[in-house]
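Listed below, chain by chain, are the residues.
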Amino acid sequence: MTKQTIVFTGGGSAGHVTPNIAIMDELGREEWDLHYIGSKQGIEKDLISALEIPYYGISSGKLRRYLDFQNVKDAFKVIKGIADARKVLKKLQPKLVFSKGGFVSVPVIIAASLLNIPIYIHESDLTPGLANKISQRFATKIFTSFEEAASHFPAHKTTAIGSPIRQAIFAGDAKRGKALLGITNDQPILTIMGGSLGAQKINETIRTALPELTARYHIVHLCGKGNVDETLQHIPSYQQFDYVNKELPDLLAATDTVITRGGSNALFEFLALHIPMLIIPLTKQQSRGDQLLNAAAFTKKGYAHTLEEEQLTAKSLLQALEQLEEGRDTMIQRLKASNQGDALSELVKQIQAIS
Ligand SMILES: CC(=O)N[C@H]1[C@@H](OP(=O)(O)OP(=O)(O)OC[C@H]2O[C@@H](n3ccc(=O)[nH]c3=O)[C@H](O)[C@@H]2O)O[C@H](CO)[C@@H](O)[C@@H]1O
């Protein structure tokens, strides 16, 4: 059987890469020639190169909504990126380009469109990011994680399919997770995931509240690259990791409660695993407001509580956690009652249908 070629793109943060990895894993390397186009130095480069999937770094500029000198410089980078991507795509002749968004995806989509290559895009957030807003007109099909997001795209080519979650997330084992952490007691585990890029204010607040937190929980703090504080390594019931990869499923299986940013992929993973969550979304100034909307949607459905970063102090954090634990059983019932379907298999079917 001849293999089909597919090119994935997306980057800038893990949220624009991990769903691609989930899909690539499902498609398999026996039937598909998998390739990835990303930026020259984004997180996608490390994540994809570790999988030994051919990676092509292209020139990419940040997309801005306002005009300034940097904007002109970035426009040139995007134009160069289109030329870079065109060269790669012309050589590979893929059946499909699949994009998870992020600014690096735009030149790839434009190049694919110029070469008449079918394009699928997937939007993880409640409202589209700038990259997918630009890309949607070139897309053959558009998929969204949130049902509410579909209305932002042309109805005839859009499906609210859900969030493609990597299979490995469901294969976690609580015993293995506890063994990994060296825990032998029954203390509940609170995992803090500050988004793939970390979260300085959350990290600081957690560390300030450590005496109270460790009295109640065993703390697993995923604090982002470069944010491990060696001076705190000796504190009992407190463990820090910058970023975990293959250990994540076991750690989550052992986790009782999470504190998280409002990145969509993490939220849907916790939903699928039925873990009660306290969301501290990025503010409008830090992001484009997408995390506030993701958090509000999850909170409205009873899957989470939200604590806004402007209100975040050690005291408000402890209060918010207490409230969350009081309503824990109801929240778990809501999480369990939510039937998200199997977006990963559905997406894979849609891709296979093109071959
Ligand atoms: C700063 C920024 O622009 N954030 C955006 C980015 O999220 P960002 O990449 O920060 O976060 P997401 O929650 O969407 O994705 C993080 C992914 O990384 C994984 N993970 C995380 C930590 C770790 O130690 N190990 C690990 O594997 C998570 O399981 C998840 O699959 O894309 C999301 C989806 O478009 C958006 O909602 C966010 O607003």
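- Under the UniProt heading Subcellular location (unreviewed entry), the entry covering the chain gives this text: "Cell membrane".
- Note on the chain: under the UniProt heading Pathway (unreviewed entry), the record states "Cell wall biogenesis; peptidoglycan biosynthesis."

### Points about the pairing of strand β2 (residues 32-39)
(1) Moving on: Burial of β2 is extensive: 7 of the 8 residues sit out of reach of the surface.
(2) Moving on: Where strand β1 (residues 4-9) lies against β2, 6 bridges are found, and the strand directions are parallel. Paired with threonine 9 across the two strands is isoleucine 37, which belongs to β2.
(3) Moving on: After leaving β1, the chain enters helix α1 (residues 18-27) and then returns to the sheet as β2, a path that is right-handed.
(4) Moving on: Sheet topology note: the β2/strand β3 (residues 55-58) ladder contains 4 bridges and is parallel. The residue of β3 that forms the bridge with serine 39 is isoleucine 58.
(5) Moving on: Read as a crossover between parallel neighbours, the route from β2 over helix α2 (residues 43-49) to β3 is right-handed.

### A few points about the sheet that holds β2
(1) Moving on: Taking strand neighbours across the sheet as the criterion, the 7 strands line up as β3-β2-β1-β4-β5-β6-β7 in an open arrangement whose pairing is parallel. Of all strands in the sheet, those bounded by a partner on one side alone are β3 and β7 (158-160). This sheet shows a mean twist of 20° between the axes of neighbouring strands, independent of strand direction.
(2) Moving on: Where β1 lies against strand β4 (residues 96-99), 4 bridges are found, and the strand directions are parallel. Residue pairing in the sheet places phenylalanine 8 in a bridge with phenylalanine 98 of β4.
(3) Moving on: Sitting on the sheet, α1 is in contact with β1, β2 and β4, with an inclination near 165° to β1.

### A word on the environment of proline 276
(1) Moving on: Within the fold, proline 276 resides in the loop between α10 (264-273) and β12 (277-279).
(2) Moving on: In this structure proline 276 comes out as buried when scored by relative accessible area, which is 1%.
(3) Moving on: Each C-alpha atom, one on proline 276 and one on arginine 328, is 6.7 Å from the other, the two residues being 52 residues apart in sequence.
(4) Moving on: Beyond its immediate sequence surroundings of up to four residues, proline 276 is in contact with Asp256, Thr257, Val258, Arg328, Met331, Ile332 and Leu335.

### Observations regarding the environment of glutamate 269
(1) Moving on: Position of glutamate 269 among the secondary structure elements: in helix α10.
(2) Moving on: By relative accessible area, which is 7% here, glutamate 269 ends up buried.
(3) Moving on: For glutamate 269 and serine 163, which are 106 residues apart along the polypeptide, the C-alpha to C-alpha distance reads 8.4 Å.
(4) Moving on: Excluding its chain neighbours within four sequence positions, the residues that come into contact with glutamate 269 are Ile165, Arg166 and Ile169.

### With respect to the site of the ligand
(1) Moving on: Within the structure, the ligand sits among 25 residues, and Gly15, Asp125, Val244, Glu269 and Asp290 are positioned closest to it.
(2) Moving on: Between the ligand and the protein, one listed contact pairs an oxygen atom with a side-chain N or O atom of aspartate 125 at 2.4 Å.
(3) Moving on: Contact distances for the ligand include 3.1 Å between an oxygen atom and a backbone N or O atom of serine 264.
(4) Moving on: Broken down by element, the residue count for the shell around the ligand peaks at 4 residues, all from α10.
(5) Moving on: Of the residues that constitute the shell around the ligand, the class distribution is 9 nonpolar, 12 polar and 4 charged.
(6) Moving on: Each of domain 1 (4-163 + 341-354) and domain 2 (168-336) gives at least three residues to the shell around the ligand.

### Focus on the packing of aromatic side chains
(1) Moving on: The full count for this structure, using the stated rule, is 7 aromatic pairs.
(2) Moving on: Taking 5.6 Å as the distance between ring centres and 50° as the angle between the ring planes, the aromatic pair formed by phenylalanine 8 and phenylalanine 98 counts as tilted. Separated by 90 residues along the polypeptide, phenylalanine 8 in strand β1 and phenylalanine 98 in strand β4 bring together distant segments of the chain. Phenylalanine 98 carries the same exposure label as phenylalanine 8, and that label is buried.
(3) Moving on: Members of the aromatic cluster, joined through ring pairs, are Phe146, Phe268, Phe298 and Tyr303.

Reading guide: rules and limits
Residues numbered from 1 in each chain as written. Predicted model: local features only at pLDDT ≥ 70, side-chain atom pairs only at ≥ 80, totals over all residues. Heavy atoms only, no water. UniProt positions renumbered as here; feature names shortened; annotations may be inferred. Buried < 20%, exposed > 50% of the residue type's maximum accessible area, 1.4 Å probe, protein only. Helix = DSSP H or I, 4+ residues; strand = E, 2+ residues; numbered from the N terminus. Pairing = 2+ DSSP bridges. Right-handed = clockwise from strand over helix to strand, strands pointing away. Axes fitted to C-alpha atoms, helices over the stretch in contact; angles between N-to-C directions. Contact = heavy atoms within 4.5 Å. Near = heavy atom within 4 Å. Polar contact = N/O pair within 3.5 Å; in protein donor to acceptor, adjacent residues only side chain to side chain. Nonpolar A, V, L, I, M, F, W, Y, C, P; charged D, E, K, R; others polar. Domains from an automatic or database assignment. Phe/Tyr/Trp six-rings, centres within 6.5 Å; stacked < 30°, edge-to-face > 60°.

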